[in-house]
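# Chain and residue survey
Listed below are the residues making up each chain.
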Amino acid sequence: MQTITVLIIFLSSPGRYYFEHGLYENARRYFELQALCNLDDKAMLGSAICALAQNKVENARLKLLHLIRVDPDAYLYLGIVEYRLGHYQSAVQYLNKYRQYRQVSWPVDHYLGLISLKHNDIENALKYFQSISDQPETYLIDDYAKNYQYLIESHDAYQRADFAGAIENMRSVKYFDDYRFYGLAISYIAMQDYKNGITHIDSMLSRSADPELQRSASQEAARICLLWKEPLRARSYLRSFINESPSDTVLFLLGRSFSDEMKYDSAAVYLNELPDSVDDYLFFKGRTAYFRGLWGLAEEMLLCHRQYFSGSVHNDRVLYMIASINFKRKEYEHAINFWTELITLYPESNLAASAQKGIADAFFDRTDFRNALSAYELVGQYNPEPNVEVEVDLRIYETKYYLKKYHSLVDALKSYLEKYPDSKYGLRTRLRIVNLLMEKKDLYGSLGEIEQIISMYPDSILASQAYLEKARVYDQLDLRRSAKGIYIELIERRPTAEYQGQALSELASTYSHEESFDSALYYYNQLSGIAVYEERAWYEIARIYDKIGQDKESETVIDRLIEKYPSSAFLFDAVFLKTSIYEKRGQFKRAIDLLTELIEKVGDRPEIYLEMGDIYFKIEDYPKAHTYYLVAAENYRQRRNDVARALLLAGDAMVMIGDKKSALDHYLQAKLIAESVILKHQLDSKINNLSN
């Protein structure tokens with residue numbers, strides 16, 4: 001190593017022997033002992049050099065400062081010490097002072113060359129290194145310096161936005177692979193050649209051991225992946241850093257990656273860690289809160305952003321979201337003001353047309369249809385996206401209806417379809433007409449529209465909705481057989497699971513209502529193959545088995561339902577169904593146990609206590625029946641008729657015990673609470689019987 005060679009020039013044996021073999025502590029002790037015994041300045045210098053070799057720089061510095069008056073060689077090592085400490089100006093002074101005393105100049109040139117490199121003065125560095133080219137282990141320095149010059153020139157070209165020049169210089173670099181690949185990467189990225197940029201970043205990451213350079217490259221790669229709408233790939237570049245030493249940039253890019261995937265809850269985990277003092281950070285925090293539906297928090301952040309970052313590239317979006325929040329709150333005046341500000345300040349924004357439509361929608365919702373129409377007609381001035389333009393055209397016709405320019409909304413919508421027969425909203429508009437006609441009980445008119453939809457849009461998914469509407473019209477016309485035929489036709493079209501499920505559900509319900517249980521079971525079994533309908537289908541299958549007396553099959557299906565869906569919406573009804581099976585078998589204890597387990601799962605439900613009271617009444621355990629009827633009455637709370645019925649049953653239990661006074665009290669209390677006339681008559685009859 002060059003530094004060691006410099007250090008041992010003036011050392012003598014045996015201290016030199018220890019030094020050459022890396023035994024710096026032994027060498028230091030030898031020299032210090034020699035200095036004490038002989039008062040030898042060279043020995044003291046040896047001790048200082050050993051301290052320097054052990055990286056005890058300050059210790060070496062103090063010893064050398066004492067020696068410079070008696071030993072000029074101390075100037076050389078003081079120069080090295082100052083270089084190590086980064087004090088380059090004083091290092092140069094000491095090195096040049098040494099050159100005045102000694103003829104040996106190559107150690108001085110070596111360090112002066114290194115200092116020149118530190119100042120990016122490649123020209124002088126090369127001069128110094130060339131002067132010592134005949135020294136051992138210095139033959140590579142000249143080549144490294146030239147390569148370093150290419151790095152500097154590439155950096156300067158990049159700063160001038162001469163990215164092609166930066167790439168040309170970077171390609172000449174033979175060493176410094178980390179910087180070469182990274183320099184090429186950022187230059188390609190600056191030229192929007194992202195593919196080449198990412199390729200070079202990947203090459204650098206596979207070679208580099210520099211954590212800071214890896215972090216910077218990974219962040220740049222993640223940023224590009226977000227531009228490419230590849231959030232998963234972006235996160236793959238960032239994950240390795242987040243746990244070790246997270247930075248605001250990494251947190252932001254991770255948060256933004258989730259935001260781009262519309263996973264706003266996950267985005268908030270990272271973004272909420274960031275300060276509000278950076279434009280991008282505060283904007284995306286506010287945007288994330290907006291899409292999470294946290295209107296108050298979003299508005300607070302976005303208003304702060306508007307105040308503190310008036311020149312931000314995000315300002316049009318900030319104004320749009322603030323306006324939208326006010327619109328959602330029905331604070332239409334504020335919404336109109338913010339959207340107007342957006343259009344005034346940023347008329348070329350791609351949000352200007354949507355903002356103008358928002359203004360019109362605010363007037364429309366306020367039933368100010370004249371201003372709404374004027375606002376809708378201005379949207380075209382702001383180069384609206386096709387979907388905005390089409391939606392506005394439709395709203396214009398609807399607005400004209402409210403301005404009495406059409407006899408009915410159906411007429412307005414039909415006029416729209418005549419002018420825009422190929423509109424992307426055509427099918428939805430026709431379905432809307434169908435619903436409007438059905439609301440007016442114009443069933444045959446709606447059938448005509450439905451037939452037109454089916455013929456015009458035979459392959460559309462929404463045509464399946466037309467089939468459903470057609471079947472419902474037939475149901476209202478009491479043409480059940482025709483309705484069933486439409487449902488079967490819809491199933492055979494193999495629509496989406498949603499429409500197929502609706503058709504199967506309607507068929508199964510119809511056959512169950514008609515007590516055609518075989519057909520009902522057939523369609524419910526098909527319905528159970530569609531995930532979102534499975535729970536209901538199983539419950540209905542169990543209920544049909546119970547009706548036709550197949551208790552064992554009913555119980556098996558209920559058990560399957562409860563096992564797979566322990567929190568099912570049908571759990572309550574399923575358990576009651578299973579309870580009735582146990583009661584029919586005379587297994588009353590099992591029925592009670594099952595209802596007790598149900599209370600543990602769903603809490604105090606009065607229906608459960610009422611059922612338990614009924615079971616105890618059946619087995620003639622009237623005291624317990626009375627107790628559960630009263631608990632049911634307490635839990636019905638404000639449902640007055642239900643409370644009265646539970647008290648009536650409690651009175652019946654007391655009659656069976658022979659406690660007529662308590663029974664009469666319950667009946668009288670129930671009569672005071674009951675709202676139903678029929679129930680009051682029942683109670684009057686019971687009261688009269690007891691009184692006689």
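Residue positions are given per chain, counting from 1 as you read along its sequence in written order. Residues qualify for local features only when their pLDDT is at least 70, as the model is predicted, and side-chain atom pairs are given and counted only at 80 or more; totals for whole chains, interfaces and linings, by contrast, use all residues. Each side-chain value is worked out from all heavy atoms of the structure, with water and hydrogens disregarded.

## Concerning the overall build of the protein
This is how the line gets drawn: Here a strand is any run of E in DSSP of at least two residues, a helix any run of H or I of at least four, and the numbering for each starts at the N terminus. Note on areas: Shrake-Rupley with a 1.4 Å probe; residue coverage comes only from the protein chains shown.
A tally of regular secondary structure across the protein gives 40 helices and 0 strands. A total accessible area of about 35700 Å² is found for the protein, and carbon and sulfur atoms account for 49% of it.

## A look at the packing of aromatic side chains
Here is the rule we go by: Geometry of aromatic contacts follows a simple scheme: Phe, Tyr and Trp rings, the Trp one being its six-membered ring, pair when their centres are within 6.5 Å, and the pair is stacked under 30 degrees between planes, edge-to-face over 60, tilted otherwise. Exposure classes here rest on a 1.4 Å probe applied to the protein chains alone. A residue is buried below 20% of its type maximum, exposed above 50%, and partly exposed in between. Counting as a charge over the ring demands two things of the Lys NZ or Arg CZ atom: a distance within 6 Å of the ring centre and an angle within 35 degrees of the ring normal.
Counted by the stated rule, this structure contains 30 aromatic pairs. Between Phe-252 and Phe-284, the ring centres sit 5.4 Å apart and the planes meet at 75°, which makes this aromatic pair edge-to-face. On the criterion of sequence distance, the pair formed by Phe-252 in helix H16 (residues 248-260) and Phe-284 in helix H18 (residues 279-291) is long-range, its members being 32 residues apart. Of the two residues, Phe-252 and Phe-284, both sit in the buried class. These aromatic residues form a ring-pair network of at least three members: Phe-252, Tyr-281, Phe-283 and Phe-284. Sitting above the plane of the Phe-258 ring, Arg-235 keeps its charged end 3.9 Å from the centroid.

## Topic: helix H39 (residues 660-673)
So the rule is basically this: Any helix carries an expected span of 1.5 Å times its number of residues minus one. This arc is built from the directions going out from the helix axis to the C-beta atoms. Residue contacts are defined here by distance: any two heavy atoms, one from each residue, within 4.5 Å place the two residues in contact.
Its 14 residues place the ends of H39 20 Å apart at the C-alpha level, agreeing with the 20 Å of an ideal helix rising 1.5 Å per residue. Taken together, the buried positions of H39 are Ala-663, His-666, Tyr-667 and Ala-670. Along the axis of H39, the buried residues cluster in a sector spanning 95°; they form a single face. Away from its buried face by more than 90 degrees, H39 exposes Lys-661 and Leu-672. Where H39 is buried, its residues contact helix H37 (622-636), helix H38 (640-657) and helix H40 (677-691).

## Considering the packing of helix H36 (residues 606-618) against H38
Put simply, the test is: Every angle, taken between N-to-C directions, lies between 0 and 180 degrees, and every axis is a line fitted to C-alpha atoms, over only the stretch in contact when it is a helix. With respect to orientation, any angle under 35 degrees is reported as roughly parallel, any angle over 145 as roughly antiparallel, any angle of 65 to 115 as roughly perpendicular, and every other angle as oblique. Left-handed describes a crossing whose near helix is turned anticlockwise from the far helix through less than a right angle; right-handed describes the clockwise counterpart. Amino acid classes used here: Ala, Val, Leu, Ile, Met, Phe, Trp, Tyr, Cys and Pro are nonpolar; Asp, Glu, Lys and Arg are charged; the rest, including Gly, are polar.
At a minimum axis distance of 11 Å, the contact between H36 and H38 shows a crossing angle of 20°. It follows from the interaxial angle that H36 and H38 lie roughly parallel. Crossing angle aside, the handedness with which H36 passes H38 is left-handed. Along the contact surface, H36 presents Leu-610, Asp-614 and Phe-617, while H38 presents Ala-646, Leu-649, Asp-652, Ala-653 and Met-656. Each residue belonging to the contact of H36 with H38 can be placed in one class, and the counts come to 6 nonpolar, no polar and 2 charged.

## A few points about the pattern of salt bridges
The line we're drawing: What counts as a salt bridge is simple: a side-chain nitrogen of Lys or Arg found within 4 Å of a carboxyl oxygen of Asp or Glu.
In the structure shown here, the tally under the stated rule is 38 salt bridges. Put simply, Glu-261 and Lys-263 hold a salt bridge, and the shortest N to O gap is 3.6 Å. By relative accessible area, which is 40% here, Lys-263 ends up partly exposed. Linking Lys-414 and Glu-449 is a salt bridge whose minimum nitrogen-to-oxygen distance equals 3.4 Å. Taken together, the residues Lys-414 in helix H25 (residues 409-419) and Glu-449 in helix H27 (residues 443-456) connect sequence positions 35 residues apart. On the basis of relative accessibility, which here comes to 9%, the residue Glu-449 falls in the buried class. Shared partners join several salt bridges into a network, and the residues in it are Lys-357, Asp-361, Glu-391, Arg-395, Glu-398 and Arg-432.

## A word on the environment of His-305
Assignment of secondary structure puts His-305 in helix H19 (residues 295-308). Between the alpha carbons of His-305 and Ser-277 there is a distance of 9.2 Å; along the sequence they are 28 residues apart. In this view, His-305 contacts Asp-279, Leu-282, Phe-283, Ser-312, His-314, Asn-315 and Val-318; residues no more than four positions away in its chain are not counted.

## What about the side chain of Glu-82?
Quick reminder of the rule: Pairs of N or O atoms are called polar contacts if they sit within 3.5 Å, as long as, within protein, a hydrogen donor faces a hydrogen acceptor (for residues adjacent in sequence, only side-chain-to-side-chain pairs).
Examined against the element boundaries, Glu-82 turns out to sit in helix H6 (residues 73-84). Classification of Glu-82 by relative accessible area gives buried; the value is 3%. In terms of polar contacts, Glu-82 uses its side chain to reach the side chain of Ser-90, at 2.7 Å. When residues no more than four places from it in sequence are discounted, the contact partners of Glu-82 are Arg-61, His-87, Ser-90, Ala-91 and Tyr-94.

## What about the UniProt feature "repeat: TPR" (unreviewed entry) in the protein?
Where we set the bar: UniProt positions are given in the numbering used here, feature names are shortened, and annotations may be inferred rather than shown by experiment.
UniProt feature "repeat: TPR" (unreviewed entry): in the numbering of this structure it lies at residues 316-349. Helix makes up 79% of residues 316-349 and strand 0%. Its end C-alpha atoms lie 7 Å apart.

## Observations concerning the confidence of the model for the protein
This is how it is decided: What pLDDT expresses is the predictor's confidence in each residue, scored from 0 to 100.
Of the residues in the protein, 90% reach a pLDDT of 70 or more, and the chain-wide mean stands at 85. Every residue in residues 1-12 scores below 50 in pLDDT, and together they form 38 contacts with partners more than four places removed in sequence or on other chains.

## Things to note about the environment of Glu-553
Within the secondary structure, Glu-553 is located in helix H33 (residues 551-564). Given the relative accessible area of 35%, Glu-553 is considered partly exposed. For the pair formed by Glu-553 and Ile-541, sequence separation is 12 residues and the distance between their alpha carbons is 9.2 Å.

## Concerning unusual backbone geometry
A positive phi angle, close to 50°, is found at Asn-383, a residue other than glycine. Overall, the relative accessible area of 66% leaves Asn-383 in the exposed class. In this model, Glu-620 sits at a positive phi of 65°, which is unusual for a non-glycine residue.

## Remarks on helix H12 (residues 177-190)
Its 14 residues place the ends of H12 20 Å apart at the C-alpha level, agreeing with the 20 Å of an ideal helix rising 1.5 Å per residue. When you tally the buried positions in H12, you get 10 out of 14 residues, the bulk of the element. Taken from the residues just after H12, Gln-192 is the one with a positive phi, measuring 65°.

## Quick notes on the packing of helix H32 (residues 534-547) against H33
Between H32 and H33, whose axes approach to 7 Å, the crossing angle comes to 160°. With respect to their mutual orientation, H32 and H33 come out roughly antiparallel. Here the hand of the crossing between H32 and H33 comes out left-handed. Between H32 and H33, the contacting residues are Glu-534, Glu-535, Trp-538, Tyr-539, Ile-541, Ala-542, Tyr-545 and Asp-546 on the first element and Asp-551, Glu-553, Ser-554, Val-557, Ile-558, Arg-560, Leu-561 and Lys-564 on the second. Here the residues of the contact of H32 with H33 are counted per class, giving 8 nonpolar, 1 polar and 7 charged.

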